[in-house]
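Fold and contact review
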Number of protein chains: 2
Amino acid sequence: MTLAVALLLLIGQACNTKAEKQENVESDKYELNAIFPKGEKGSEEFFTGNAYAIRLVDADSIHTTLAGNVYFEPGARSNWHTHPSGQILIITDGVGYHKIEGQPMEVIKKGDVIKCPPNVRHWHGASPDVGLQQLYIIPNTEKGIVEWLEPVTDEQYTSNN
Amino acid sequence: MTLAVALLLLIGQACNTKAEKQENVESDKYELNAIFPKGEKGSEEFFTGNAYAIRLVDADSIHTTLAGNVYFEPGARSNWHTHPSGQILIITDGVGYHKIEGQPMEVIKKGDVIKCPPNVRHWHGASPDVGLQQLYIIPNTEKGIVEWLEPVTDEQYTSNN
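The structure reproduced in this document is the subject of the present report. (Residues numbered from 1 in each chain as written. Chains lettered and ligands numbered in written order. Predicted model: local features only at pLDDT ≥ 70, side-chain atom pairs only at ≥ 80, totals over all residues. Heavy atoms only, no water.)

1. Comments concerning the nonpolar core
Applied cut-off: We call a set of buried residues a nonpolar core when its members are Ala, Val, Leu, Ile, Met, Phe, Trp, Tyr or Cys and they connect through side-chain atoms within 4.5 Å of each other. Here the term buried applies to any residue with accessible area under 20% of the maximum for its type, exposed to any over 50%, and partly exposed to those in between, with areas from a 1.4 Å probe on protein chains only. Contact definition: two residues touch when any of their heavy atoms are within 4.5 Å.
The biggest cluster of nonpolar side chains holds 20 residues, and the ones touching the most others in it are Phe36, Ile90 and Leu135 of chain A together with Phe36, Ile90 and Leu135 of chain B. Each residue touching isoleucine 90 of chain B, except ones within four places of it in the same chain, is listed here: Phe36 and Leu135 of chain A together with Asp112, Val113, Gln133, Gln134, Leu135 and Ile137 of chain B.

2. Details of the relation of the copies chain A and chain B
Applied cut-off: We superpose the copies by least squares over the C-alpha atoms of residues that have a pLDDT of at least 70 in both of them.
The transformation that overlays chain A on chain B combines an axial shift of 0.0 Å with a rotation of 180°, and the residual RMSD is 0.0 Å. Such values leave the two copies arranged in the relation of a two-fold axis.

3. What to know about unusual backbone geometry
Residues and elements named next belong to chain B. Worth spelling out the cut-off: Each helix corresponds to a stretch of at least 4 residues labelled H or I by DSSP, and each strand to a stretch of at least 2 residues labelled E; elements are numbered beginning at the N terminus.
Backbone geometry at asparagine 119 places phi at a positive 55°, although glycine is not the residue there. Position of asparagine 119 among the secondary structure elements: in the loop between strand E9 (113-116) and strand E10 (122-126). A positive phi is found at asparagine 140, a non-glycine position, where the angle reads about 50°. Here asparagine 140 shows up in the loop between strand E11 (132-138) and strand E12 (147-148). Residue classification places asparagine 140 among the buried residues on the basis of a relative accessible area of 5%.

4. Describing the interface of chain A and chain B
Frequently, the measure chosen for interface size is the accessible area that the parts lose on association. Stated precisely, the cut-off is as follows: Simply put, the buried area is the total loss of 1.4 Å probe accessible area from both parts when two parts are fitted together. Put simply, a salt bridge is a Lys or Arg side-chain nitrogen that is within 4 Å of an Asp or Glu carboxyl oxygen. Pairing of N or O atoms within 3.5 Å defines a polar contact, subject to two protein rules: one partner must be a possible hydrogen donor and the other a possible acceptor, and residues neighboring in sequence count only if both atoms are side-chain atoms. Gly counts as polar in this scheme, as do all residues outside two lists: the nonpolar Ala, Val, Leu, Ile, Met, Phe, Trp, Tyr, Cys and Pro, and the charged Asp, Glu, Lys and Arg.
Across the boundary between the two partners, chain A contributes 36 residues, which contact 37 residues of chain B. Across the chain A/chain B interface, buried area totals approximately 3000 Å², and carbon plus sulfur atoms make up 70% of it. In this assembly, chain A and chain B are joined by 2 salt bridges. Close ionic contact of lysine 115 of chain A with aspartate 60 of chain B constitutes a salt bridge, the shortest N to O distance being 2.6 Å. On the surface where chain A and chain B come into contact, there are 10 residue pairs in polar contact (both at pLDDT 80 or more). Contributions of two or more residues to the side of chain A that touches chain B are made by helix H1 (2-20), strand E3 (51-57), strand E7 (87-100), strand E9 (113-116) and strand E11 (132-138) of chain A. Partitioned by chemical class, the residues of the side of chain A that touches chain B number 21 nonpolar, 11 polar and 4 charged.

5. Quick look at the packing of aromatic side chains
Inclusion rule: Under the pairing criterion, centres of Phe, Tyr and Trp rings, with the six-membered ring standing for Trp, must be within 6.5 Å; the plane angle then separates stacked pairs below 30 degrees from edge-to-face pairs above 60, leaving the rest tilted. Only Lys NZ and Arg CZ are tested; either one counts as a charge over a ring when it is within 6 Å of the ring centre and within 35 degrees of the ring normal.
Taken as a whole and assessed by the stated rule, the structure comprises 12 aromatic pairs over all chains. Consider the rings of tyrosine 52 of chain B and tyrosine 71 of chain B, whose centres lie 6.5 Å apart with planes at 20°: the pair is stacked. Placement of tyrosine 52 of chain B in strand E3 (residues 51-57) and of tyrosine 71 of chain B in strand E4 (residues 66-72) is noted, with a sequence separation of 19 residues between them. A single burial state applies to tyrosine 52 of chain B and to tyrosine 71 of chain B, both of which are buried. With a centroid separation of 5.6 Å and an interplanar angle of 50°, the aromatic rings of tyrosine 97 of chain B and tyrosine 157 of chain B are classed as tilted. Taken together, the residues span a long stretch of sequence, with tyrosine 97 of chain B in strand E7 (residues 87-100) and tyrosine 157 of chain B in helix H2 (residues 154-158) at a distance of 60 residues. Owing to a relative accessible area of 17%, tyrosine 97 of chain B belongs among the buried residues under this scheme. Put simply, the rings of Phe46, Phe47, Phe72 and Trp148 of chain A pair up and form one aromatic cluster. Its guanidinium or amino end placed over the ring of tyrosine 52 of chain A, lysine 38 of chain A lies 4.4 Å from that ring's centre, counting from NZ or CZ.

Rendered as structure tokens:
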């Protein structure tokens, strides 16, 4: 029995060592795969909880597309906001929520892809227990990027309506 | 000594079991992280070697953006091709090459992001020994998607010029 416990501990340590070789090990217990550098902590003006954002593709007049990555720690979410030309989200790891005003909240997870239409109020973020790694794409940036609105309340975050 | 070997084997098995839980375990020895389903094998008309593609975002008249994932097995690459509105590549795992005609070949790896200008001849694919997982984004799809050209020869693939 003691040997079995020792084996389990060793196995656990070996697997963790593998994960720790990555440049960006996440702090939550599910150790999400971090493809990109973590980036800067998102402003409290626009996010509730700990969210980290890095810009990957700057908009230019040729591609007219902006892209980046946001890592939401468990419980973290964006404020409500709109995009004049809409948004595409690609979830690369973890579990989170996406809410378009007036529609049921969607659970989003690794491999999911979501489109949000232009000028529609929405928010996105991690689930309470598991973080979220998400790429965002904003097309047609000549129309604008984002309009930030009010925070998502705890009641809105925990409601499925 | 025998116990040490047994421990190592057990540790190896435990870590592999973790990897095998993923839906899409890659066949190459580096076991790239597969975020999306593998998709369909790319046609020999457009690819050399084994490449697998899945569409993630269909173009529509609102977002005018197309996105998908390509997994290139080691040695696989696209034909030469052009995009009328350019292309953005986001590398999510592995190591590969990107070549714009007339420019030095770029080595691309996990976390790299590349822009290719409109109407420029280029190709991309895996390195000879490690596969490549790459997201592609094609903006402004109202201008078109892709024009396929001739295969990349072995000489072009192994040349760094």
